Amino acid sequence: MDKLLEISKEALERIAQVADLKELNDLRVHYLGKKGPIQEAMKSMKDMGQEERIAFGKVSNEVKQNVSQAIEDAKAKLERIVMEEKLASESIDITLPGFKVASGSLHPLTHVVNTLEEIFLGMGYQIAQGPEVETDYYNFELMNLPQGHPARDMQDTFYIDVNYLLRTHTSPVQARTMLKANGQGPIKVICPGKTYRRDDDDATHSHQFMQCEGIVVDKNITMANLKGTLELFVKELFGEKRAIRLRPSYFPFTEPSVEVDVSCSNCGGVGCSMCKQTGWIEILGAGMVNPKVLKMSGFDPEVYQGFAFGIGIERVAMLKYGIDNIRDFYNNDIRFLAQFAREDK
Amino acid sequence: MQVSLKLLNHYIDIQDQSALDLAAKITSIGHEVEGIETLAVGDDLVVGLVKECVDHPDSDHLHVCQVQVNDNDVFQIVCGAPNVQAGQKVIVALPGCELKEITIKKSQIRGVESNGMICSLAELGLDSRFVTEQQKAGIEVLDQNAPLGADALDYLGLKDDILDIGLTPNRADCMALKAFAYEVGAILKRDIKPVELKAMDTQPGDVKIQVETDKCPVFGIKVVKGVTTKESPQWLKAALMASGIKPINNIVDISNLIMLETGQPIHMYDYDKIANKTFTIKDNYQSKEMFLDGNEYDVVQGDIVIEVDGKLGCLAGVMGGESTKITDDSVNIAIEAATFDGPSLRETARRLNLLTDASQHYIKGSIDSAKTAEVLDRVANLLVEYADAKEIQETVITPYEYEPTELALSVEDVNGLLGTDISLSEIRDIFTDLKFDYSLDGNKLNIAIPSYRKDITMVADLIEEVARIHGYDNIPSCLPEMGTTIGKRSGEQAKVKMIKDYLSNVALHETITYTLSSPGKADDFNLFHQGEQVKLMFPLGEERSVVRKSLIPSLLEVVKYNVARKNNDVHIFEISNTYSSEQEIQTLAIACHGTYMEQSFRQIRHGADYLLVKGFVETILDKLAIAPSRYSLVRVEKENEFYHPGRSAYIKMGKDIIGVVGCIHPLMAKKYDVKDVYVCELNLAALLTMKTPNLKAGIIPQYPAVMRDVAFVMAKDVYSYDVIRKIVQASKGLATNVTLFDEYMGEHVGVGEKSVAFKVMLQDPKKTLDENTINQTMENIIKAVEKQFKANLRK
């Protein structure tokens, strides 16, 4: 019995000092194996009386269990140390550059068009499109710009022949949409697209540019509706804090006509070089659809009224993103484009 | 339009208004004030007297002057002007005075104290057009009577604010200050100051007028005799300068003043140079003529001409002829006021490049034809007052009847269009303030449109008058009340957006390039158009004179632009319309150049190549629900000079080419000065309208799949895709996925051969495959491939 306890004490001491798993395994084989000291000690059991044998058996079981448990514990501990060593050895520079495909981008003008589209789709508008090579009839005649009108000057328009031209505004899509509706309202569309004017390219002019037209025609559409719509989308586009101002203006296709200014973001409205000291920046033109335009496009002006607006996409993008040269949009420098990999807001 | 507030004050009292306030009010009724300037700059400029002027002790050109600026103070000022002399009255800027470019300070000039500056006119900020060389070179010497110590700008009449107004094209009437005064009167709610016409003793008119064209609705001549040409009074000169017009002499200045006041250009003939005293207006005159500017111009059929003595007296509204022009010695003059057809005149002025101030008035339509006779009387009045005119003849004028338009406007008309609640009495007040005549008829106004308001032709125009005077700020703001409509992109629009989003998410940058191209490039890479190039009639230059048929040339130019700026990795796309004489086709183009993906410290790099661009195309087609079985790749023709014949393929659906993918041809690389660019162009118009199946979820197989590898040696030119198709076919549908995982050419295979290895996934949706079926299927596959492609199984 004393022998057993001695073995146990020695075993537990040796297990506690073990430094690696192999040594621990050797100890396990040594103490718990068939030829181990515990097994050896148990051989003396056959010479014992029953009572003594039961007592001895109990102790020897306890000793076996204790040693076995000690080995398991030591093993877990050693495995943990091994794992931790492995983890430590596997450590990497966590600041190395991530593996990624570089970001691509949508063109800034597309971002603006997308924003406009989302705003108006949310209000139940459709998106209409029309050809860029357009007829003189749709581009001018139906927009109440008859022959001889100064706006039809050959100097300002890319004519292809007497009947065809590159559209100078997205307004002909208005006429196309109305004619398609066959005199039946309501109409609620926006028409974003490319337009062309015979301008020499410089920092503020581009022979090619983008516009977005909008038109609503129904039986009781008023100028108050136009104002409500403009206020909503200008704030949506430029931010809640921006004020808008409506000024009377003139366009042949609307009557009354308005020019819409937004308070200057650069100076907050007190006046700076960006807003020519006025505190306001002109961003779009609008108005109530001229009865003549309604009539030419098949709508009875006695029954239907409507409003229309047109906004310059480059101008919005320039204000929104702080771009001061319109040519940046068409040079397509990758460093310029890459800035628009993320969306605003 | 430049409006001198000082001159405007002649027609309406605005003295109590600050320029800034007035500008805001004018803008609010639709005449945008784009800028406010002052005629001259300089506060605290005073009239001084040079009491003493001696040479500077240390300079060969400076003078040291003692200048008296009021009864008590004399300042010592060093002056460099060559014309400064003792006894002169001069303009003095005292320390603290801010001029256009400098602020005057007390200083030492070469050791002599100087307490200010004696000024030239140029230094007051006057436009250089209005300052003579002599005035620029020296100080301005004032009249001896100039009051000592007075505000010098005030004394010179140069204290004036100028509003720069952008008139809308429908309101050319406001080019006449008299008409503009009505607008200002309506906002300020005050009356205008009428221009008083003084009665004159007149002789009968002795000229004759013959009108032989319908391009001249009214023509009047007034003869005034005994005029003296001299300098205009200071107020008139200042008013003209503030209006952007250079003063010349009293006669010319009066005609310019009339144009500013009434919007009516006038022309003056030397009465004594006209023998038969007859003015014939015609539009069928043709000759080369000397005009009063001393240059010769071609007058052609259609130009409106005033003929005198069988010669050109004046090219109507544009410029007078040399033979009848007035000079400083002219004593008797014939004054013409008339209305000419604007569009015709515009054509003439454009052709001759003579878009004069006068011609602009006709072109824009500032003229109130009903007031022609009145204008001539006013000219005569001014000539009497400022040019000592002695004898005035009665005006000879062609008959002109003005029929005032009447329009009926109801309260409902106004509020129905504006969405407002404006009362009848406010509407009445607005037209009262605008000085329109009207009569009341129930809740309607019958409004007579004044002759100068040619812009008002319908009720909507009158409603605009109400709106702008009522104030756009006072119109309520609310969204339309109408039936609910669905806001949704069309199928095609949604697909375009999806493609753009996809490509921008796989590292491509969207570009927008110019539609216009040059004739030498517009046909390059064209694949979808059969028609001719669309050419502009009047392009701005050869470079942008035709509409492109393909987007590839534009993208190659973007690649070049970027590479030139050391942006070496360029991966871009564009979706735009292309055109030929026959049709519009929306296409998508991609161009890739340089490194696409890289992590150099791990030796990972993928550059632009055929497979990269092909991958984009395959994904796009997949996203458009166009299955690979619906299209095939066909190598481009050997003789193709846009694409590398060995590395480019057409994408065909049936017989139709719907796209191309590949490397650009070396000839194109040279032409566009780029290297190693891989591109594709797809006919989106065709792809977006194609019938495609709806998305339906399939059943995910429940039974395990088996993977088998198989490799063959076969001729190099066998298409791997054909082998895959054969494998699928031979498997009787059990091969659900076949991928190429190795391609080898080299010493271990024969010349002209390659080894290709495939991973075949076999799966039966209904049961677990047994060993026998698997082996049998693989055997079938091997046999079929060996037979079809003369291949050998690689063991």
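Residues numbered from 1 in each chain as written. Chains lettered and ligands numbered in written order. Predicted model: local features only at pLDDT ≥ 70, side-chain atom pairs only at ≥ 80, totals over all residues. Heavy atoms only, no water.

### What to know about the overall build of chain A
Now for step 1: Each helix and strand counted, chain A has 12 helices and nine strands in total.
Now for step 2: Relative to the globule expectation of 20 Å for 345 residues, the C-alpha radius of gyration of chain A, 43 Å, shows a markedly less compact shape.
Now for step 3: When burial is assessed residue by residue, chain A has 53% of its 345 residues classed as buried.
Now for step 4: Taking as baseline every contact in chain A between residues at least 6 positions apart, the subset at least 24 positions apart corresponds to 67%.
Now for step 5: Within the structure as shown, chain A displays about 16700 Å² of accessible surface, and the carbon and sulfur contribution to it stands at 50%.
Now for step 6: With 41 positive and 49 negative side-chain charges, chain A shows a spacing of 4 Å between the two charge centroids. (Helix = DSSP H or I, 4+ residues; strand = E, 2+ residues; numbered from the N terminus. Rg over C-alpha atoms; globule rule 2.2 N^0.38 Å. Buried < 20%, exposed > 50% of the residue type's maximum accessible area, 1.4 Å probe, protein only. Contact = heavy atoms within 4.5 Å. Areas by Shrake-Rupley, 256 points an atom, 1.4 Å probe, with all protein chains shown as cover. Lys, Arg positive; Asp, Glu negative; His and termini not counted. Charge placed at Lys NZ, Arg CZ, Asp CG, Glu CD.)

### Regarding the interface of chain A and chain B
Now for step 1: Taken together, the 91 residues of chain A in the interface contact 83 residues of chain B.
Now for step 2: A per-residue breakdown of the area chain A buries against chain B is headed by Phe99, Pro248 and Ile334 of chain A, which together make up 9% of the total.
Now for step 3: Between Arg489 of chain B and Glu118 of chain A there is a salt bridge, and its shortest N-O distance comes to 3.0 Å.
Now for step 4: Where chain A meets chain B, there are 43 residue pairs in polar contact (both at pLDDT 80 or more).
Now for step 5: For the side of chain A that touches chain B, a count of residues per class yields 42 nonpolar, 26 polar and 23 charged. (Buried area = accessible area lost by both parts, 1.4 Å probe. Salt bridge = Lys/Arg side-chain N within 4 Å of Asp/Glu carboxyl O. Polar contact = N/O pair within 3.5 Å; in protein donor to acceptor, adjacent residues only side chain to side chain. Nonpolar A, V, L, I, M, F, W, Y, C, P; charged D, E, K, R; others polar.)

### Let's talk about the domain arrangement of chain A
Now for step 1: When its domains are assigned, chain A resolves into domain 1 (2–89) and domain 2 (108–344).
Now for step 2: For domain 1 of chain A versus domain 2 of chain A, the separation of C-alpha centres amounts to 89 Å. (Domains from an automatic or database assignment.)

### As for the sheet that holds strand S13 (residues 208–211) of chain B
Now for step 1: Pairing is mixed in the open sheet, where five strands are placed in the order S13-S16-S19-S20-S21 (chain B). Here the strands that pair on one side only, and so sit at the sheet edges, are S13 and strand S21 (319–320) of chain B. (Pairing = 2+ DSSP bridges.)

### A word on the pattern of salt bridges
Residue and element names in this part refer to chain B.
Now for step 1: Scanning the model with the defined rule gives 51 salt bridges over all chains in all.
Now for step 2: One salt bridge connects Asp523 with Lys549, and the closest N-O pair in it is separated by 2.6 Å. Residue Asp523 is found in the loop between strand S29 (516–517) and strand S30 (534–535), and its partner Lys549 is found in the loop between strand S31 (546–547) and helix H15 (552–564); the two are separated by 26 residues along the sequence.
Now for step 3: Notably, a salt bridge pairs Glu771 with Arg708, separated by 3.5 Å at the nearest N-O pair. With Glu771 in helix H20 (residues 771–789) and Arg708 in strand S40 (residues 706–715), this pair connects stretches of sequence that are 63 residues apart.
Now for step 4: A relative accessible area of 49% places Glu771 in the partly exposed class.
Now for step 5: Overall, Arg708 belongs to the partly exposed group, its relative accessible area being 25%.
Now for step 6: Members of the salt-bridge network, linked through shared partners, are Arg171, Asp173, Glu183, Arg453, Asp455, Glu465 and Arg468.

### A short note on the packing of aromatic side chains
Now for step 1: For the structure shown, the criterion picks out 24 aromatic pairs over all chains.
Now for step 2: The interplanar angle of 50° and the centroid separation of 5.6 Å between the aromatic rings of Phe431 of chain B and Phe436 of chain B together place this pair among those described as tilted.
Now for step 3: By relative accessible area, Phe431 of chain B is classed as buried at 0%.
Now for step 4: It is Arg176 of chain A that lies over the ring of Tyr138 of chain A; its NZ or CZ is 4.1 Å from the centre. (Phe/Tyr/Trp six-rings, centres within 6.5 Å; stacked < 30°, edge-to-face > 60°. Lys NZ or Arg CZ within 6 Å of the ring centre and 35° of its normal.)

### Some points on the packing of helix H5 (residues 108–122) of chain A against helix H8 (residues 223–238) of chain A
Residue and element names in this part refer to chain A.
Now for step 1: Relative to each other, H5 and H8 sit at 135°, their axes nearing to 11 Å. On the basis of their axis angle, the class for H5 and H8 is oblique. Taken as a pair, H5 and H8 cross one another with a handedness that is right-handed. Facing H5, whose interface residues are Thr115, Leu116, Ile119 and Phe120, H8 presents Thr229, Phe233, Glu236 and Leu237.
Now for step 2: Its residues assigned to classes, the contact of H5 with H8 shows five nonpolar, two polar and one charged. (Axes fitted to C-alpha atoms, helices over the stretch in contact; angles between N-to-C directions. Parallel < 35°, antiparallel > 145°, perpendicular 65-115°, else oblique. Left-handed = near helix turned anticlockwise from the far one by under 90°.)

### Thoughts on H20 of chain B
Residues and elements named next belong to chain B.
Now for step 1: An ideal rise of 1.5 Å per residue puts 27 Å on 19 residues; H20 measures up with 27 Å between its terminal C-alpha atoms.
Now for step 2: Every buried residue of H20 is accounted for by Ile774, Thr777, Met778, Ile781, Ile782, Ala784, Val785 and Phe789. Buried residues of H20, seen end-on, are gathered within an arc of 165° and therefore sit on one face of the element. With respect to the buried face of H20, the exposed residues turned more than 90 degrees away are Asn772, Lys783 and Lys787.
Now for step 3: Looking at where H20 begins, the residue whose side-chain oxygen comes 3.1 Å from the main-chain nitrogen of Asn772 is Asp770.
Now for step 4: After H20 finishes, the residue Lys790 shows a positive phi value of roughly 50°. (Expected span 1.5 Å × (residues − 1). Arc of directions from axis to C-beta.)

### Remarks on the side chain of Lys89 of chain B
Residues and elements named next belong to chain B.
Now for step 1: Counting through the fold element by element, Lys89 comes out in strand S6 (residues 89–93).
Now for step 2: An unpaired buried charge is present at Lys89: no salt bridge exists, and Asp143, the closest side chain of opposite charge, is 7.4 Å distant.
Now for step 3: Within polar-contact distance, the side chain of Lys89 engages the backbone oxygen of Gln144 at 2.8 Å.
Now for step 4: Here Ala146 takes part through its backbone oxygen, which lies 2.7 Å from a polar atom of the side chain of Lys89.

### Some points on the sheet that holds strand S11 (residues 161–166) of chain B
Residues and elements named next belong to chain B.
Now for step 1: Strand order in the open sheet formed by three strands is S1-S11-S2, with antiparallel pairing between adjacent strands. Single-partner strands in this sheet number two, and they are strand S1 (2–4) and strand S2 (32–38). Each strand of the sheet is rotated relative to its neighbour by a mean of 30°, with strand direction disregarded.
Now for step 2: Across six bridges, S2 lies against S11 in antiparallel orientation.

### Remarks on the state of the cysteines
Now for step 1: All chains considered together, the criterion is met by zero disulfides over all chains.
Now for step 2: The thiol of Cys267 of chain A is unpaired, and the distance to the nearest cysteine sulfur, on Cys264 of chain A, comes to 3.6 Å.
Now for step 3: The cysteine Cys119 of chain B is free of any disulfide, with Cys97 of chain B supplying the nearest cysteine sulfur at 6.6 Å.
Now for step 4: Among the residues examined, Cys119 of chain B registers a relative accessible area of 0% and is labelled buried. (Disulfide = S-S within 2.5 Å.)

### Focus: the nonpolar core
Now for step 1: Core analysis: the largest hydrophobic core is formed by 79 residues, its most contacted members being Phe233 and Leu284 of chain A together with Phe431 of chain B.
Now for step 2: The element best represented in this core is H8 of chain A, accounting for eight residues.
Now for step 3: Ignoring sequence-local partners within four residues, the contact set of Leu284 of chain A consists of Leu230, Phe233, Val234, Val258, Glu259, Val260, Phe309, Gly310 and Ile311 of chain A.
Now for step 4: Of all hydrophobic cores here, the second largest spans 46 residues; its members include Leu22, Ala181, Leu240 and Met268 of chain B. (Core = buried A, V, L, I, M, F, W, Y, C linked by side-chain atoms within 4.5 Å.)

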